[in-house]
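A structural walkthrough
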Amino acid sequence: MPSFDTVCEPNVVELKNAVEQANKEIANRFDFKGSDARVEQKDNELILFADDDFKLGQVRDVLFSKMAKRNVDVRFLKDDKTETMSGDKRKQTMKLLKGIEQELAKKIVRIIKDSKIKVQASIQGDAVRVTGAKRDDLQTAMALLRKEANEAPLAFNNFRD
């Protein structure tokens, strides 16, 4: 039976490339000369470093523009905490969203059931699996979810025929 999974996870390779491009631009920009501005990527978070709040905002803008050019949705990043390090240096931690939250998963299932498309949706941990008899019904369900569930960036993978 054809099926696909609806997930909420960024393309890790593209995100890494966006971080590297952002660091390269920050290193070459004149307004960051002599400063310790950079972006570091850990497992499930990005850490932004800068000398003050203004430069921290500039680092964030550079990162977001590089992510947009690489087609990585900025909604995957969630501001976690901003803290002051030694002196005036600032550090901001941004969490990466991975997995669909339960309330959004329930909303996705409800959207699919209310649409009267001949598919079934079930919550499978961090993902929502949609199964149906025809490929066309699954593609219609994908289009519906792209249109209706826009709180989080959704991706579709494991499409099986």
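Please refer to the structure placed before this passage.
To start, this report covers the structure provided alongside it. Please read these numbers as outputs of a predicted model, since none were measured by experiment.

1. Here we look at the overall build of the protein
On a plain count of helices and strands, the protein comes out with four helices and eight strands. Overall, the protein shows an N-to-C arrangement of helices and strands of β-α-β-β-α-β-β-α-β-β-α-β. Computed over C-alpha atoms, the radius of gyration of the protein comes to 19 Å, more than 25% over the 15 Å expected from 2.2 N^0.38 for 161 residues, which places it beyond the range of a compact globule. Referenced to the eigenvectors of the C-alpha coordinate spread, the extents of the protein come out at roughly 60 × 25 × 25 Å. Within the protein, the proportion of its 161 residues that are buried is 40%. For the protein, the share of sequence-separated contacts (at least 6 apart) that also reach a separation of at least 24 residues comes to 58%.

2. Examining the sheet that holds strand β2 (residues 38-41)
Across the sheet, four strands lie side by side as β2-β3-β5-β4; this open sheet has antiparallel pairing. Two strands in the sheet have a free side with no partner beyond their single neighbour: β2 and β4 (77-84). When the angles between neighbouring strand axes are averaged without regard to direction, this sheet yields 20 degrees. Most of the contacts of helix α1 (residues 12-28) go to β2, to which it runs at about 160 degrees, and overall it touches β2, β3 (45-50) and β5 (90-96).

3. Points about the packing of helix α3 (residues 102-114) against helix α4 (residues 135-148)
Close contact between α3 and α4 brings their axes to 10 Å; oriented N to C, the two are set at 125 degrees. With respect to each other, α3 and α4 are oriented oblique. For the crossing formed where α3 meets α4, the hand is right-handed. Taken together, the residues of α4 that come into contact with α3 (itself represented by K107, I108, I111 and I112) are L144, L145 and E148. Residues that form the contact of α3 with α4 fall into these classes: five nonpolar, no polar and two charged.

4. Observations regarding the sheet that holds strand β1 (residues 3-7)
Reading across from one edge, β6-β7-β1-β8 is the order of the four strands in this open sheet, with antiparallel pairing throughout. Looking at strand neighbours, the two that pair on one side only are β6 (119-124) and β8 (155-160), the edges of this open sheet. The mean inter-strand angle of the sheet, taken between neighbouring strand axes irrespective of direction, is 20 degrees. Looking at chain direction, β1 and β8 are connected through four bridges and run antiparallel. Across the sheet, residue D5 finds its bridge partner in β8, namely N157. Lying over the sheet, α3 contacts β1, β6 and β7 (127-132), oriented at roughly 170 degrees with respect to β6. The sheet contacts of α4 involve β1, β6, β7 and β8, and relative to β8 the element is tilted by about 170 degrees.

Cut-off values and rules
- Residues numbered from 1 in each chain as written.
- Predicted model: local features only at pLDDT ≥ 70, side-chain atom pairs only at ≥ 80, totals over all residues.
- Heavy atoms only, no water.
- Helix = DSSP H or I, 4+ residues; strand = E, 2+ residues; numbered from the N terminus.
- Rg over C-alpha atoms; globule rule 2.2 N^0.38 Å.
- Buried < 20%, exposed > 50% of the residue type's maximum accessible area, 1.4 Å probe, protein only.
- Contact = heavy atoms within 4.5 Å.
- Pairing = 2+ DSSP bridges.
- Axes fitted to C-alpha atoms, helices over the stretch in contact; angles between N-to-C directions.
- Parallel < 35°, antiparallel > 145°, perpendicular 65-115°, else oblique.
- Left-handed = near helix turned anticlockwise from the far one by under 90°.
- Nonpolar A, V, L, I, M, F, W, Y, C, P; charged D, E, K, R; others polar.

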